[in-house]
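Given next are the chains, with one letter for each unit.
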Amino acid sequence: MTALLRTEGLMKAYGGVQALNDATIAVEQGTVAGLIGPNGSGKTTLFNVITGYERPDAGEVWFGDRAITNLAPDKVFAAGIGRTFQLTRIFARLTVLENMLVAAQAKDRPRNLLSWFGRDAWTHHRRHAMELLEFVGIERHADLLAGSLSYGQRKLLELAYVLVADPAVILLDEPAGGVNPTLINHITDRIRQLNAEQGTTFLLVEHNMEFVMGLCSTITVLESGKDVVSGPPDIVRTDKRVLDAYLGADLEEDPR
Amino acid sequence: MSKVLKGVGLLALIAIVIAFPQVYTNPAVTNYGVFALIYVTAASGWNIFSGNTGYISLGQAVFYGSGAYAMGIAARDWNITGTTVFALLPLSMAVGALIAVPFGLAALRVRRHTFIVITIAFFFIFQLMAFNFSFTGGSSGLGSPFLNWPAATYNIPFYYIALAFAAGTVAIAWLVRRSRFGLQLRAIRDDEDRARGLGVRAMRVKLSAFVISGAITAGIGAVWFYYINQVEPQTGFDPLFDLTLVLMAFLGGYGSISGAVLGALIIEPLTLWLNTQPAFSGGSLSEILLGGIFLIVVLFLPRGIIPTGGELITRFRTRGRAAIAPATAMGSNPRTAPAPSSIGGGASGGAQ
């Protein structure tokens, strides 16, 4: 198996806080990988560095055999890495369908300035966008302003418009955060389906252990910006370092 | 509104604006028309950039003044006179576009308040340059070549040139609005970082809109200069120009194409009329009044006439029917959610 997405020794400090401290992870092609860790362990920072929103102080990000360290977010997306945000970010004053089309048109780059003004290519984009909205189950809201969607629906919209460009890897930041169990099951099904049918690779950050353990084939645990353990759910679940990271280490055993 | 009705309304509007100087031939009246159209162009040009991206530019006077000076300097140095001077309009627009590139590259790196402050800083830099360079004529500014047109009909050609600019700008604004380019601009307005994460090359897109806006404003600045025959640093690079554009756009409806036009058609004739009233000697009282209008708009009509009016019309037409079911009220499982009783109406009412 080859790692489709990997980071090597990523370092990132905000003032005195070392958010990432030699973070090295690898996501195998065609898997659903999980990234867990206590609050403030650097999960979102790692996502931001991978997708170009933050520059690492040191270290590298590899996408297949291509180094994508320090690439701008739009280039990272064009390379085939899509992401969602922890607190969903949608375009509130565009309609749901327009939200979808923002990503759609980024995919086929306009050949010249004039084609920026054309809408010739929109028909098939529209159809594709509607299919994806149907896939996540919010197609009937296509003409509503995205700002009027509920939080759960926004999560679905965010997943849908990342899918528009058909990325090879999708990074999900807390896809199950703040949504009800029914919707969590719905999202789980969609992820499984994409992974099985299209071979899309996922890397997701989540605090809901049931969700992570049930969905991911590999889990990496991050603590204080450092990957402490990585492996299948059963191994990770019982690893002492993981329990320490989550429950706090015994004072006598921990020299710090 | 049905498409036919809209088409008829548009044709009627076109007929009225074309016939206006033929019906009201008094130069004092056509003067209102010329200035109103100049500001329709400038406000719509502002709107193409600021209305779509949410970046409020208070540096449009940089383009307005530069366009005026470009025409004045070129006509003086190349000894161009008479109607041939109008051939310099594309040059003025090119100058505006060229200035917009470094201006935009510097200012568009920052957002919100910082962006506004930087546009103001650029504005003062240009005003100071106009004051201090010798080729700009210093504080006395530049005069334009003399046009030996009779006073009675002098305004009319300018009216039609300004009308062409206004119509062209509204057409560009409409093309931008319906295009992928416009969608990217509005995505940037809502959440620029998210847009970048979806492959929108934000800087390039923003800068393109800024350049379009700069070229239009410079072009109409040159028309203004030739119309009033002179430009000085404090009139070409006038801080009130920027504030007026913003007021027009906010009064009519921020981000709406017809809003910018409507705002300009209300504010500019009003200002001109107030300045001719003896009670408002010197025009300073009209500026205070404009400030008052701004306050009223911000407090009571924050979204402007067009969106608010659109909402009222929608409410009037859909009265008695069930309210549009907001998506938030549908429970959290979208698969079992009931279909909204009426989609569109209020949600899309404010868009244009």
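Procedures and definitions
Residues numbered from 1 in each chain as written. Chains lettered and ligands numbered in written order. Predicted model: local features only at pLDDT ≥ 70, side-chain atom pairs only at ≥ 80, totals over all residues. Helix = DSSP H or I, 4+ residues; strand = E, 2+ residues; numbered from the N terminus. Buried ≥ 20, exposed ≤ 12 C-beta atoms within 10 Å, placed from the backbone. Contact = placed C-beta atoms within 7 Å. Expected span 1.5 Å × (residues − 1). Arc of directions from axis to C-beta. Pairing = 2+ DSSP bridges. Axes fitted to C-alpha atoms, helices over the stretch in contact; angles between N-to-C directions. Parallel < 35°, antiparallel > 145°, perpendicular 65-115°, else oblique. Nonpolar A, V, L, I, M, F, W, Y, C, P; charged D, E, K, R; others polar. pLDDT = per-residue confidence, 0-100. Core = buried A, V, L, I, M, F, W, Y, C linked by C-beta atoms within 7 Å.

1. Quick look at the overall build of chain A
Part 1 of the argument: Helices and strands together make up the secondary structure of chain A, namely nine helices and eleven strands.
Part 2 of the argument: For chain A, the proportion of its 256 residues judged to be buried stands at 45%.
Part 3 of the argument: Sequence-distant contacts, at least 24 apart, represent 70% of the contacts inside chain A between residues at least 6 apart.

2. Remarks on the overall build of chain B
Part 1 of the argument: Along the backbone of chain B there are 14 helices and two strands.
Part 2 of the argument: Counting over 352 residues, chain B shows a buried share of 46%.
Part 3 of the argument: Counting only contacts in chain B whose residues sit at least 6 apart along the sequence, the fraction spanning at least 24 positions is 78%.

3. Some words on helix α5 (residues 112–132) of chain B
Residue and element names in this part refer to chain B.
Part 1 of the argument: Taking 1.5 Å of rise per residue, 21 residues should cover 30 Å, and α5 covers 31 Å from first to last C-alpha, within 8% of that figure.
Part 2 of the argument: All of the buried residues in α5 are Phe 115, Ile 116, Thr 119, Phe 122, Phe 123, Phe 126 and Ala 130. Looking straight down α5, one finds that the buried residues subtend no more than 120 degrees of arc, so they occupy a single side. In α5, those exposed residues whose orientation departs by more than 90 degrees from the buried face are His 113, Thr 114, Leu 128 and Asn 132.

4. Structural notes on the pairing of strand β4 (residues 32–36) of chain A
All names here are of chain A.
Part 1 of the argument: Buried residues dominate β4, accounting for five of its five residues.
Part 2 of the argument: On β4, burial covers both faces: Val 32, Gly 34 and Ile 36 on one face and Ala 33 and Leu 35 on the other are all buried.
Part 3 of the argument: For β4 and strand β9 (residues 201–205), the ladder comprises four bridges, and the chain directions are parallel. Across the sheet, the residue bridging to Gly 34 is Leu 204, located in β9.
Part 4 of the argument: Bridge count for β4 against strand β10 (residues 218–223) is four bridges, and the pairing is parallel. When the sheet's bridge partners are listed, Leu 35 is paired in β10 with Thr 220.

5. Observations regarding the packing of helix α6 (residues 155–178) of chain B against helix α8 (residues 202–228) of chain B
Residue and element names in this part refer to chain B.
Part 1 of the argument: Contact geometry of α6 with α8 gives a least axis separation of 10 Å together with a crossing angle of 170 degrees. With respect to α8, the axis of α6 lies roughly antiparallel. Along the contact surface, α6 presents Phe 158, Ile 161, Ala 162, Phe 165, Thr 169 and Ile 172, while α8 presents Ile 212, Ile 216, Gly 219, Ile 220, Val 223 and Tyr 227.
Part 2 of the argument: Residue composition of the contact of α6 with α8, grouped by class: ten nonpolar, two polar and no charged.

6. Things to note about the confidence of the model for chain B
Residues and elements named next belong to chain B.
Part 1 of the argument: Across chain B, pLDDT averages 82, with 88% of residues at or above 70.
Part 2 of the argument: Mean pLDDT across the secondary structure elements of chain B bottoms out at helix α14 (residues 345–349), with 36, and peaks at α8, with 93.
Part 3 of the argument: Of the regions scoring below 50 in pLDDT, residues 323–352 engages in 55 contacts with residues more than four places distant in sequence or in other chains.
Part 4 of the argument: Both scores are given for the predicted complex: the pTM is 0.82, the ipTM 0.79.

7. Concerning the nonpolar core
Part 1 of the argument: Core analysis: the biggest nonpolar cluster contains 165 residues, and Met100(A), Ala162(B) and Val223(B) have the highest contact counts within it.
Part 2 of the argument: At 16 residues, the largest contribution of residues to this core is made by α8(B).
Part 3 of the argument: Not counting the four nearest positions on each side in its chain, Val223(B) is found in contact with Ile38(B), Phe158(B), Ile161(B), Ala162(B) and Phe165(B).

8. A short note on the sheet that holds β4(A)
Residues and elements named next belong to chain A.
Part 1 of the argument: One open sheet accounts for six strands, arranged β7-β8-β9-β4-β10-β11; its pairing is mixed. Edge positions in the sheet fall to β7 (81–83) and β11 (226–231), since each of these pairs with one other strand and no more. Along the sheet, successive strands turn relative to each other by an average axial angle of 20 degrees, direction set aside.
Part 2 of the argument: In the sheet, strand β8 (residues 169–173) pairs with β9 via five bridges, with the strands oriented parallel. Bridge pairing links Ile 170 to Phe 202 in β9.
Part 3 of the argument: Helix α1 (residues 43–50) rests against β4, β7, β8, β9 and β10 of the sheet, and its axis sits at about 145 degrees to β8.

9. Structural notes on the pairing of β11(A)
On a regular strand, one side chain projects to one face of the sheet and the next to the other, so that they alternate.
Residue and element names in this part refer to chain A.
Part 1 of the argument: One ladder, built from five bridges, connects β10 with β11; its direction is antiparallel. Bridge pairing in β11 links Val 221 to Val 229.
Part 2 of the argument: Hairpin geometry of β10 and β11 is characterised by an intervening segment of two residues between the two adjacent antiparallel strands and by a positive phi of about 50 degrees at Ser 224.

10. Overview of unusual backbone geometry
Part 1 of the argument: For Glu174(A), which is not glycine, the phi torsion reads 50 degrees and is therefore positive.
Part 2 of the argument: By the secondary structure assignment, Glu174(A) is in the loop between β8 and α6 (181–198).
Part 3 of the argument: We note that Asn79(B) has phi near 55 degrees; this positive angle belongs to a residue other than glycine.
Part 4 of the argument: Along the polypeptide, Asn79(B) turns up in the loop between α3 (60–77) and α4 (89–107).
Part 5 of the argument: What makes Asn79(B) exposed here is the crowd of 7 C-beta atoms within 10 Å.

11. Some details on helix α10 (residues 239–252) of chain B
Residues and elements named next belong to chain B.
Part 1 of the argument: With 14 residues, α10 should reach 20 Å at 1.5 Å per residue; the first-to-last C-alpha distance of 20 Å fits that figure.
Part 2 of the argument: Where burial is concerned, most of α10 is hidden: eleven out of the 14 residues are buried.
Part 3 of the argument: Within the sequence span of α10, burial applies to Phe 241, Asp 242, Thr 244, Leu 245, Val 246, Leu 247, Met 248, Ala 249, Phe 250, Leu 251 and Gly 252.
Part 4 of the argument: A positive backbone phi angle near 140 degrees is found at Gly 253, which sits one or two residues after α10.

12. Side note on the environment of Phe47(A)
Residue and element names in this part refer to chain A.
Part 1 of the argument: Residue placement: Phe 47 occurs in helix α1.
Part 2 of the argument: Spatially, the C-alpha atom of Phe 47 lies 8.0 Å from that of Asp 173, the residues being 126 residues apart in sequence.
Part 3 of the argument: If we ignore the near neighbours within four places in the chain, the residues touching Phe 47 are Arg 83, Leu 171, Asp 173 and Val 205.

13. Observations regarding the confidence of the model for chain A
Part 1 of the argument: Scored by pLDDT, chain A has a mean of 82; 89% of the residues are at 70 or more.
Part 2 of the argument: The least confident element of chain A is helix α9 (residues 240–247) of chain A, whose mean pLDDT is 73; the most confident is β9(A), at 90.

14. Focus: the environment of Gly141(B)
Residue and element names in this part refer to chain B.
Part 1 of the argument: Mapped onto the fold, Gly 141 is located in the loop between α5 and β1 (142–143).
Part 2 of the argument: Put simply, Gly 141 and Gln 234 are 93 residues apart on the chain and 9.1 Å apart in space, counted from C-alpha to C-alpha.
Part 3 of the argument: What Gly 141 contacts, discounting residues up to four positions off in sequence, is Gln 230, Val 231, Glu 232 and Pro 233.

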